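Spelled out from the first residue to the last, the chains are:
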Amino acid sequence: MQSESQVIVRPALDVRGSVSLPGDKSISHRYAMLAAIADGPSRLENYSTGADCASTLGCLRSLGVKWERRDGANNIIEVQGSGSTLTAPNRSLDCGNSGSTIRMLSGIVAGQKFTSEMAGDESLSRRPMERVITPLTVMGAEIKSQNGRPPLRISGCNLHGISYKMPLASAQVKTCLLFAGLLADGETRIAEPLRTRDHGEVALRAFGAQLERKGNEVCIRGGQRLRGIQARVPGDLSSAAFFLCAAALFPGSQLTIGNLLMNPTRAHLLDILMQMGLRISVTQLDEVHGELVGTLQVEGERLKGTAITGADTAALIDELPVLAAIAPYTEQGIEVRDAKELRVKESDRIASIVINLRAMGAEVEEREDGLRIPGGQTLRGAELNSFGDHRVAMAFSIAALRAQGETLIRDSQCAAISYPEFFSALEGLVER
Ligand code: S3P
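Residues numbered from 1 in each chain as written. Predicted model: local features only at pLDDT ≥ 70, side-chain atom pairs only at ≥ 80, totals over all residues. Heavy atoms only, no water.

1. Section: unusual backbone geometry
Now for step 1: At the junction of Pro 150 and Pro 151, the peptide bond is cis and its omega measures out at 0° in the coordinates.
Now for step 2: The residue Pro 151 is located in strand E9 (residues 149-155) in this model.
Now for step 3: Notably, Asn 75 is not glycine yet its phi reads approximately 45°, a positive angle.
Now for step 4: Residue position: Asn 75 is located in the loop between strand E4 (66-70) and strand E5 (76-80).
Now for step 5: On the basis of relative accessible area, Asn 75 is assigned to the partly exposed category, the value being 25%. (Helix = DSSP H or I, 4+ residues; strand = E, 2+ residues; numbered from the N terminus. Buried < 20%, exposed > 50% of the residue type's maximum accessible area, 1.4 Å probe, protein only.)

This is how it looks when you write it as structure tokens:
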């Protein structure tokens, strides 16, 4: 997202209070897409307020789906399901900055009997799409791209089910193929190299589909009809990560987070932060449409270091920027390995983190697939760049809380991609 905005973050003494997060981005995208191809109406409460999920809604409108935003505080979206058949768009589908929109929705448009073009902003136009192009092509779609990057021109058809071994761990790709499989003839069987977040599977079941899972393999039968749901989207754990890490910086801090998504395929951050010393207790736990939702009580302690590798890296992929940003303040530091995917996110997140940490005076070792950040460091406030990446902007506003002096973050407005209310929520929790 391009803009001239900037934010100044001053050091804090403590983090204290309670917060409830806007709806989870991963679940909001999936619910909106499934509501669009379900029979009957859906009502989605606490829908993500981020620009990415608005991009999904915009694309759905271009595909003939009727939806409305209800006025009021609860971010309610009412979607009129179109059944499995959408309408040919008369212009390019604008996916904005959203990798989730282009990758997951491509599975649905590939199963329509028309051609769609999907495009996005400069950052999205650099992101790799072969990961969805290859399997969707095997299922029968015809897809043109710019050397594997957007814009994509997808000529949909009557897809046929496939058995596909995913070469990389990606929940976006798995979800894309499950959506395509739902619209295809026969069965689609997907094997993932590691278990990734299962919101696609959980959401499909919530809308009435049946799926089978055995280990790391999931199978869906095509032609099943979905029915609309009334749901409340749990609070976004990846947005809560910034406040959890802020609390982790201050021994004695006290934070309560309500209505928080706690799906075990997503909540590995809680394990890691607890291993590092943060005290977390779950004071309430419910299951809503197959997703675990809870209230957390958090208390800061001295933070130990950790190493994040392999399956842990994949499970923490969206939380790595903020973990890296607090790493210099931990006792032993943090090492991240097997994180090549970070280089093809909204920015090259390894490079963005390294540049910003060094600008704050930190010692950091950059590696092709990760970083090593020693602990026990003192950072100074600095002028930083968000690189147009929402998670980088938010991560460094957390690092700034323990720095000496003020930190200015350029192009901070991009936080709105996932969490427009972030800076005011943070100000409400910090004490100076
Ligand atoms: C997402 C999966 C992850 C994550 C992204 C959201 C999802 O991407 O980084 O923010 O909702 O499935 P990959 O599937 O590319 O790992």
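From this point, the narrative continues.
2. Observations regarding the sheet that holds strand E13 (residues 217-221)
Now for step 1: Taken together, four strands build an open sheet; the order of strands is E10-E11-E13-E12 and the sheet is mixed. Here the strands that pair on one side only, and so sit at the sheet edges, are strand E10 (163-165) and strand E12 (211-214). Direction aside, the axes of adjacent strands within the sheet are offset by 15° on average. (Pairing = 2+ DSSP bridges. Axes fitted to C-alpha atoms, helices over the stretch in contact; angles between N-to-C directions.)

3. Things to note about the packing of helix H1 (residues 25-36) against helix H6 (residues 199-206)
Now for step 1: One way to put it is that H1 packs onto H6 with a least axis distance of 10 Å and a crossing angle of 40°. Regarding the angle of H1 to H6, the classification is oblique. Crossing angle aside, the handedness with which H1 passes H6 is right-handed. Touching Ser 26, Ile 27, Arg 30, Tyr 31 and Leu 34 of H1 are His 199, Gly 200, Ala 203 and Leu 204, all from H6.
Now for step 2: Residues of the contact of H1 with H6, tallied by class, amount to five nonpolar, three polar and one charged. (Parallel < 35°, antiparallel > 145°, perpendicular 65-115°, else oblique. Left-handed = near helix turned anticlockwise from the far one by under 90°. Contact = heavy atoms within 4.5 Å. Nonpolar A, V, L, I, M, F, W, Y, C, P; charged D, E, K, R; others polar.)

4. Quick word on the domain arrangement of the chain
Now for step 1: For the chain, the assigned domains are domain 1 (6-22 + 234-431) and domain 2 (25-231).
Now for step 2: Just the C-alpha atoms count here: the centres of domain 1 and domain 2 sit 28 Å apart.
Now for step 3: Of the residues lining the interface, 29 residues belong to domain 1; the matching set on domain 2 comes to 27 residues.
Now for step 4: Roughly 2200 Å² of surface becomes buried between domain 1 and domain 2 when both sides are summed, with 49% attributable to carbon and sulfur atoms.
Now for step 5: Summed over the shared surface of domain 1 and domain 2, the number is three salt bridges.
Now for step 6: As a salt-bridge pair, Glu 341 and Arg 131 come within 2.9 Å of each other at their nearest N and O atoms.
Now for step 7: Applying the counting rule to domain 1 against domain 2 returns 14 residue pairs in polar contact (both at pLDDT 80 or more).
Now for step 8: Of all the secondary structure elements, the ones that give two or more residues to the side of domain 1 that touches domain 2 are strand E15 (254-261), helix H9 (310-315) and helix H12 (390-399).
Now for step 9: Across the side of domain 1 that touches domain 2, the residue classes tally to 12 nonpolar, eight polar and nine charged. (Domains from an automatic or database assignment. Buried area = accessible area lost by both parts, 1.4 Å probe. Salt bridge = Lys/Arg side-chain N within 4 Å of Asp/Glu carboxyl O. Polar contact = N/O pair within 3.5 Å; in protein donor to acceptor, adjacent residues only side chain to side chain.)

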